[in-house]
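Structure assessment
Residues per chain are reported as follows:
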Amino acid sequence: MSAEDLKLRAVRCFLLLGICAVAGVVLLFGVYLLPTEPMKRNAADALSIMQQEGPMHRLIPDIEASRIDNYTDSVMLNTAIYGENGNALMESMAAKRYSYQGETAFGGLVKYLSGETGCEAESYARYWHGYLICLKPLLLVFNYGEIRLLISMLQLIVLAGVLMEMAKRDLQGYVKAFLAGVIFLIPVTLQLSLQYSQIYFVTMFCVSFLLKKHEKLSLCGWMFEFYFFVGILSCFFDFLTYPLVALGFVLLVHFILEREHSETWSRFMHIGEYSVAWGLGYVGIWCVKWILATLLLRENILRDAILQVLYRSSVESSDSGVTEIITRKDALLANFHLLVQSKVFIAVICIWALYIACKMLRSRFVMRNKKPNLLFFGGGGHRYRPAAVCMDSFKG
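Residues numbered from 1 in each chain as written. Predicted model: local features only at pLDDT ≥ 70, side-chain atom pairs only at ≥ 80, totals over all residues. Heavy atoms only, no water.

**Observations regarding the overall build of the protein**
When you go through the protein residue by residue, the secondary structure sums to 18 helices and eight strands. In the protein, the proportion of contacts linking residues at least 24 apart, taken out of those at least 6 apart, comes to 74%. Carbon and sulfur atoms provide 66% of the accessible area of the protein, an area that totals close to 21300 Å². (Helix = DSSP H or I, 4+ residues; strand = E, 2+ residues; numbered from the N terminus. Contact = heavy atoms within 4.5 Å. Areas by Shrake-Rupley, 256 points an atom, 1.4 Å probe, with all protein chains shown as cover.)

**Some details on empty space enclosed by the protein**
In this structure the tally under the stated criterion is one cavity of 30 Å³ or more. Looking at the largest cavity, its volume works out to about 70 Å³. The wall of the largest cavity is formed by L251, H254, F255, E258, R267, H270, I271 and Y274. Contributing elements (two or more residues each) for the lining of the largest cavity: α13 (244-257) and α14 (264-297). (1 Å grid on protein atoms, 1.4 Å probe; cavity = no way out; pocket = protein on both sides within 12 Å on 5 of 7 lines; lining within 4 Å. Points joined across faces, edges and corners; volume = space filled by probe spheres on them.)

**Observations concerning the side chain of E225**
Relative to the assigned elements, E225 resides in helix α12 (residues 223-237). For E225, a relative accessible area of 2% puts it in the buried group. Setting aside chain neighbours within four positions, we find E225 in contact with R9, R12, C13 and L16. (Buried < 20%, exposed > 50% of the residue type's maximum accessible area, 1.4 Å probe, protein only.)

**Describing the pattern of salt bridges**
Think of it this way: side chains of opposite charge can pair up when their charged atoms draw near. Per the stated rule, a full pass over the model turns up nine salt bridges. The salt bridge involving R126 is made with D304; its shortest N-O contact spans 3.2 Å. Taken together, the positions of R126 in the loop between β4 (120-123) and α7 (132-141) and D304 in helix α15 (residues 301-312) put the pair 178 residues apart, joining distant regions of the chain. Classification of R126 by relative accessible area gives buried; the value is 13%. According to the relative accessible area criterion, D304 is partly exposed, its value standing at 31%. (Salt bridge = Lys/Arg side-chain N within 4 Å of Asp/Glu carboxyl O.)

**Describing the environment of V276**
For V276, the location among the structural elements is in helix α14. The exposure class assigned to V276 is partly exposed, which follows from its relative accessible area of 46%. Distance in space between the C-alpha atoms of V276 and G231 is 9.6 Å, their sequence separation being 45 residues.

**Let's talk about the packing of helix α3 (residues 46-53) against helix α8 (residues 144-168)**
A pair of packed helices is characterised by two quantities: the angle between their axes and the separation of those axes. Close contact between α3 and α8 brings their axes to 8 Å; oriented N to C, the two are set at 80°. Between α3 and α8, the interaxial angle falls into the category roughly perpendicular. Mapping the contact onto sequence places A46, I49, M50 and E53 in α3 and Y144, G145 and R148 in α8. The residue inventory of the contact of α3 with α8, partitioned by class, reads four nonpolar, one polar and two charged. (Axes fitted to C-alpha atoms, helices over the stretch in contact; angles between N-to-C directions. Parallel < 35°, antiparallel > 145°, perpendicular 65-115°, else oblique. Nonpolar A, V, L, I, M, F, W, Y, C, P; charged D, E, K, R; others polar.)

**Concerning a nonpolar patch on the surface**
There is a patch of nonpolar side chains on the surface, built from I291, L295, L302, I306, L307 and L310 and spanning about 540 Å² of accessible area. Breaking the nonpolar patch down by element, the ones donating at least two residues are α14 and α15. For the nonpolar patch, the leading source of residues is α15, giving four residues. Relative to the assigned elements, L307 resides in helix α15. You can call L307 partly exposed: its relative accessible area is 42%. (Patch = residues over 30% accessible without salt bridge, like charges linked within 9 Å, V, L, I, M, F, W, Y side chains within 5 Å.)

**Considerations on the side chain of S92**
For S92, the position within the fold is in helix α5 (residues 88-94). By relative accessible area, which is 2% here, S92 ends up buried. At 2.7 Å, the side chain of S92 forms a polar contact with the backbone oxygen of L89. Setting aside its immediate chain neighbours within four residues, S92 contacts L28, F29 and Y32. (Polar contact = N/O pair within 3.5 Å; in protein donor to acceptor, adjacent residues only side chain to side chain.)

**What about the state of the cysteines?**
Going through the model one piece at a time under the given rule, you end up with zero disulfides. Left unpaired, C235 is separated from the closest cysteine sulfur, that of C287, by 8.6 Å. By relative accessible area, C235 is classed as buried at 5%. (Disulfide = S-S within 2.5 Å.)

**A word on the environment of F255**
Turning to its location among the elements, F255 is positioned in helix α13. Sequence separation between F255 and R267 is twelve residues; the distance between their C-alpha atoms is 6.4 Å.

**With respect to the confidence of the model for the protein**
Averaged over all residues, the pLDDT of the protein is 85; the fraction at 70 or higher stands at 86%. Within the model, the stretch residues 371-396 combines pLDDT values under 50 with 43 contacts to residues more than four positions away or in other chains. (pLDDT = per-residue confidence, 0-100.)

**Remarks on the nonpolar core**
Formed by 98 residues in total, the largest nonpolar core has its most connected members in I81, W128, F178, L210, F226 and Y227. Looking at this core, the element that brings in the most residues is helix α11 (residues 194-220), giving eleven residues. Residues within four places of I81 in sequence aside, it is in contact with T36, M39, K40, A43, Y98, L109, Y112, L113 and L139. (Core = buried A, V, L, I, M, F, W, Y, C linked by side-chain atoms within 4.5 Å.)

Written out as structure tokens, the structure is:
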């Protein structure tokens, strides 16, 4: 890539970042103009749910992977209903919520919805809180339980939409692999948690867009900017849950779409390039929020955010009140343990592995019984490779 091309790409990304930042500010400003009293009345329904389930509720007893994050949901609801007739622009940047001295965020919402007095305003300005663009209007009409139900239905609808787009692209054979990825996100927890559903919707939207516009993005040379935009969306709507899933799903679908147009090595090189683009978009829009909040609120949000990044990326944790040393190896093992602690997950993995093995053996048997000149497939006469068998093992 020439220096001129790099310069053009940098200008495009800079403009895209600016446009997205302005759009984010305008949209948040708009929802902060909405009346909060109806939101508070509808949010009151969450009190009984929160009290019954608690901050970290396991939908299936003793299965950690079935846990939903009501604690963060309480932060999101509390932030959505906050309203003291202040400046809408400043309020949208500060993202305040009701809190009580000595109480957790979860306990603070429970107390506020119970009608207890003595609450204070607590700011959470280092995040964009893009979810408020959807949550605030929803709370005007629906209560918390109804929003959960609506999210459940919408998740099935957007998944069906993605699968239909895959069918249009003649990718029916990869549907099983795609659904396997969705299954391991534990759909039941996504459907009942505001916190977990955000990245799911971002992921499905971006995958669907890529399936529809892949050729246009490639021909116009905007693929790098597309991944930059995916990073922006991930940061804007996410509350630091599992943003890398958005990148991973989009990259895998892109890898499949390029299977007949580029060599395997070239596609792996693109994975690295587009991962960088995603990271730049994610970090870039986050930094914009820190700078805007610092300038508008006249508080050092930038310093607070940097300190939090250093703390969250360190090996020390004191969230429980006791300082713990958590290495990267410990974190990986903890996540792996979460996956394999259930016999259900182990059974699913074994069945899936057996299915893939049978498909690969069947593919090899078929290829051995074909004539040599049939070892070429596709309109472009691509030579048969073992890697293709692995990809086709998902087909059915």
